[in-house]
Structure formats: C-alpha cells, structure tokens
Amino acid sequence: MTAIEINMDGLVGPTHNYSGLSYGNVASLGNAAASSNPREAARQGIAKMQRMHELGLAQSVLPPQDRPHVQVLRKLGFRGTDAEAIAEAARCAPRLLAACGSASAMWTANAATVSPSADTADGRVHITPANLVNKFHRSIEPETTRRVLKAVFPDGPHFAHHDPLPAVTQLGDEGAANHMRLCTGHGRPGLEVFVHGRDGFGVRGTAATRFPARQTREAGEAIARLHRLDPVRTLFLKQHAGAIDAGVFHNDVIAVANENALFQHEYAFEDETVLERALDRIFGTGACHRIVVPARRISLQTAVQTYLFNSQLITMPSGDMTLVVPSECMQSAPVAEYLEELVQWDTPIRGLEVMDLRQSMRNGGGPACLRLRVVLTRAECSAMRPEVMYSDQLGQRLLAWVDRHYRDRLLPAELADPALSRESRTALDELSTILGLGSVYPFQLE
Ligand code: SUG
C-alpha cells in the first residue's frame, strides 16, 4: 500500500510565554521570566509550514488551545466570573495561573502517539493522546487534544481513537516525542520503537539523578497493546540516563528516525545492540542506515543547546532525505562542521534546511517538537478534515489572523490581564471556523 506522511504542526497560541515551567528542560528554565513575542512565534511556525509545503511535502495545521484554562482554575477553587477567577489566581497562586496559561499545546509531537494502518492488526490508524502527567501545565492538554484529533480524523472505518492512559506517574506518556518508526517505505509495515526513561512500577527505575524521566516503559507497552501492534515489530528501548541528566527530556531531543534512516547521538540509548539486532532481523542487514554522532564530535551539552537531533528528517519528493535543523545549529562550530560533512557522506541524508524558530526554541521546542507525524493511505487522507491541510491560501489567512489577534510582547505576569483571555477566545473561535473543526474548545461547548 502506498502512503504519505503528513506533518501536523501546532500553531503557536496567543499566550506563548516563558514561565520556566519545565524542570529538566534546560531552555525553559534558562529563559524563565523573559519577555516573549507570541506574534513572531506564530509567524515563525507558519514560515516552517510554508517551507515544508514549498518543498512538496504534505503539511497540515493543528490549532492552539484556550488559555488561561479557566475551567481548570475553577477545579482548583477559583470562583466568580472568568476575569475574577483569573485575578484571584494571579493574586494568590501565580504559578498555577502560569501553568494554566501556557501555550505548550503547540508542541504537537507530544499531542499523541499515532500508529499507521500498515502496522495495526485491524488495518486502522490508531491514535492515543498523551496524558502528559509529568508537568501540570501539560497535563491539562489531552482533553482538548482528543476533541481536535477526533474532529480531524473521524472515528470509524479508518481511525481508532483511544483515551489517554490513566493520568498517573507510573503511566507517564509524552506521545510521539518518544516514539520512532523505521520502515522501508511509509506504507509498508514498520518497526515501532517506544523509548522510555524509566520503569513505572518496580525498582528498576532510572539511573538519572538530576532531572526526571518523563516516559515510562509501561506507557509504551500499553499503547502498543491498544494499537494492536505486532509484538515482533515492536521494540521498547531505554534512554541513556546521562542524556536525561544533560537535558534530554524527550527522546526526540537526541534521536530522529525517518523511513530507513535513524540519526542519533552516541548516548541516546542504554542498549544499542537490541536495536541493531531488531533492525537486521526485520529489514535485513544493512537495509537501515543508523547514523550515530559520537560524543567526541558533538557533546550531549552541545546537542541539547543546538537541538541538532530535534531536526525533522523528511523524505523529499525526489526520494532523498533532508534534515530540517533549527538555526541554532549553524551558530555552533562543531555542529555546523558536522552537518557540512554529513550531507557529503554516503547516507540517505542529502540536504539541509535551516529554520528560525527562536521563539519556540527558548522554551525547548525545536522543529520536530512542533509537529505530529501521521502516515496515511490515499483513502485515509480523503477521510480526514480537508480544511486543516496547509496551502498557500491557508498560510496567508493564518498570517492575517495572527496579525489581527496576537500581541507582540508578553511577560508571564501579563497572563493576569483578563483582556488576554478575551482576545484569545475571539481568535480561537475564528480559527475553529477557518479550520472547519466545529466546537472543540470548552468555552464553545459551555
Ligand atoms: O514539555 N516546554 C515543553 C517543550 C516540549 C518540546 N517537545 C518535544 N521535545 N517533543 C516541555 O518541556 C515550557 C513552558 C514554559 O516554561 O513556559 C515547556 O512546556
């Protein structure tokens, strides 16, 4: 069966700000309290979508979520009108307001895990929104994510939607950021690799001591069962503890796979041999290209600073692969030199694209964080909501929409401004019509 990969990028939301909410994410901590520019952030994201579209790739858009999340503030005891609940939270619990105000849903690599129909026993695309329990500000995303994904991919003969896993730390799930798929063509059965930082139950845990490991082995195992994956073509790999302590809070900060290529750091995984053996067994020796960057060329610290491995690895219409890197990579001499050599070597990676995503990068979100990959056959493509597919025309509409509704400066303290919530809701109401999604936000459903 032939199939294509669609990159679904999250639009940056109107409350994009730097609140230092993600312990273990070096950029988020380092930029805490800095001033952000939501308009520029959204424009940078749209520029990436436009470039992918120009390169001939299938690109689509996922909407931001409504923030501050007033319904969650109410669950935490803040009362009165929306403006009163926000004002009370700002006064007595500003950290809770910051968490409820984060635009973190833009990193759609964490929205869900998606298994293509070629890998599942019932021949449907299986989708499980991530519970994101490790960080409170992210744990409030799955409900709306689920509604949006159901609006885009209607439940039925083509798509199977699952509930997020139970929201407990033993089943911590961060979605596709810890999921890789290797295959010899998007439409052929692949090897699905679930990467975890720790065991949820039992004593094995993780050896990482500085930063928390977000994803558990049990979460990956549950998703593999729900998605009805073939156990022979499913692998559970443990992250290298040293990488987590260096700030690799998701596997996609240290490895990226596309079709038969895997680009990774030497210290991405605890045990390389199990991966090597699985690739040889399933695809035949040498069919998959594993490009392993040694620490003596690029240290873990430089990998985290530049987000080299949070690049998107894409197959171009020509069949060659291109690495879409954040501009920070070109500002680091060892990384820029490595990339210059890489495209000359005999690997599938032949081209480079450099993206300026600095607004998102300052919160630890690079090119790969901003997109959820969905592999679909032609029939599955026709069953999805067409309005979310990116086109030049949609890009122009989105830019005009951003310019109309977004601020060009935001400090975390300004999340207390009740006007921000009103502006955001007006913008999102309009966007849900542009994207043909119907009512997906709590404020539209009340
Ligand atoms: O979960 N940052 C996000 C970045 C997610 C990146 N995604 C992937 N690697 N796939 C996180 O840590 C920071 C928000 C703040 O501090 O205001 C934040 O949530």
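Structure: above.
(A) Summary view of the layout of surface pockets. Taken as a whole, the largest pocket spans an internal volume of roughly 270 Å³. Around the largest pocket sit 15 residues that line it, and Lys75, Ser139, Ile140, Pro142 and Glu143 are the ones nearest its centre. If you tally residues by element for the lining of the largest pocket, the top one is helix α3 (residues 70-75), at three residues. Of the residues contributing to the lining of the largest pocket, the split by class is eight nonpolar, four polar and three charged. Roughly 220 Å³ of internal volume is contained in the second largest pocket. Along the walls of the second largest pocket sit 13 residues, with Ile4, Glu5, Leu57, His186 and Thr315 positioned nearest its centre. Listing elements by their share of the lining of the second largest pocket, those giving two or more residues are β1 (3-10) and β12 (312-315). The leading source of residues in the lining of the second largest pocket is β1, at four residues. In the lining of the second largest pocket, the residues fall into seven nonpolar, five polar and one charged.

(B) Summary view of the sheet that holds β1. Reading across the sheet, the three strands line up as β2-β1-β15 and stay open at both edges, with mixed pairing between neighbours. Edge strands, defined here as strands with exactly one partner in the open sheet, are β2 (58-62) and β15 (371-377). Looking at each pair of strands side by side, their axes are set apart by 30° on average, direction ignored. Sheet topology places β1 next to β2; five bridges connect them, and they run parallel. Pairing of Asp9 across the sheet is with Val61, part of β2. Strands β1, β2 and β15 of the sheet are contacted by helix α2 (residues 38-54), whose axis makes an angle of about 155° with β2.

(C) Here's a closer look at empty space enclosed by the protein. Counting across every chain of the model gives five cavities of 30 Å³ or more. Lining the largest cavity are 25 residues, with His179, Met180, Arg181, Ala257 and Arg373 positioned closest to its centre. Contributions of two or more residues to the lining of the largest cavity are made by β6 (179-182), β9 (255-258) and β15. The leading source of residues in the lining of the largest cavity is β15, at five residues. Broken down by class, the residue content of the lining of the largest cavity amounts to 14 nonpolar, five polar and six charged. Estimated volume of the second largest cavity: approximately 200 Å³.

(D) How the structure looks around unusual backbone geometry. The linkage connecting Arg67 with the following residue, Pro68, adopts the cis geometry, with an omega of -5°. Structurally, Pro68 can be placed in the loop between β2 and α3. A positive phi angle is found at Tyr307, which is not glycine, with a value near 60°. Residue position: Tyr307 is located in the loop between α11 (300-306) and β12. Overall, Tyr307 belongs to the buried group, its relative accessible area being 4%.

(E) Region of the structure containing helix α4 (residues 82-92). All of the buried residues along α4 are Ala85, Ile86 and Ala89. Projected down its long axis, α4 shows its buried positions confined to an angular sector of 100°, all on one face. Along α4, exposed side chains directed more than 90 degrees from the buried face belong to Arg91 and Cys92. Where α4 is buried, its residues touch α3, α5 (94-101) and α16 (418-434).

(F) Inspection of the pairing of strand β10 (residues 261-265) at higher detail. When you tally the buried positions in β10, you get five out of five residues, the bulk of the element. Going residue by residue along β10, you find Ala261, Phe263 and His265 tucked away on one face and Leu262 and Gln264 tucked away on the opposite face as well. Looking at chain direction, β9 and β10 are connected through four bridges and run antiparallel. Within the sheet, the bridge partner assigned to Ala257 lies in β10 and is Leu262.

Criteria and cut-off values
Residues numbered from 1 in each chain as written. Predicted model: local features only at pLDDT ≥ 70, side-chain atom pairs only at ≥ 80, totals over all residues. Heavy atoms only, no water. 1 Å grid on protein atoms, 1.4 Å probe; cavity = no way out; pocket = protein on both sides within 12 Å on 5 of 7 lines; lining within 4 Å. Points joined across faces, edges and corners; volume = space filled by probe spheres on them. Helix = DSSP H or I, 4+ residues; strand = E, 2+ residues; numbered from the N terminus. Nonpolar A, V, L, I, M, F, W, Y, C, P; charged D, E, K, R; others polar. Pairing = 2+ DSSP bridges. Axes fitted to C-alpha atoms, helices over the stretch in contact; angles between N-to-C directions. Contact = heavy atoms within 4.5 Å. Buried < 20%, exposed > 50% of the residue type's maximum accessible area, 1.4 Å probe, protein only. Arc of directions from axis to C-beta.

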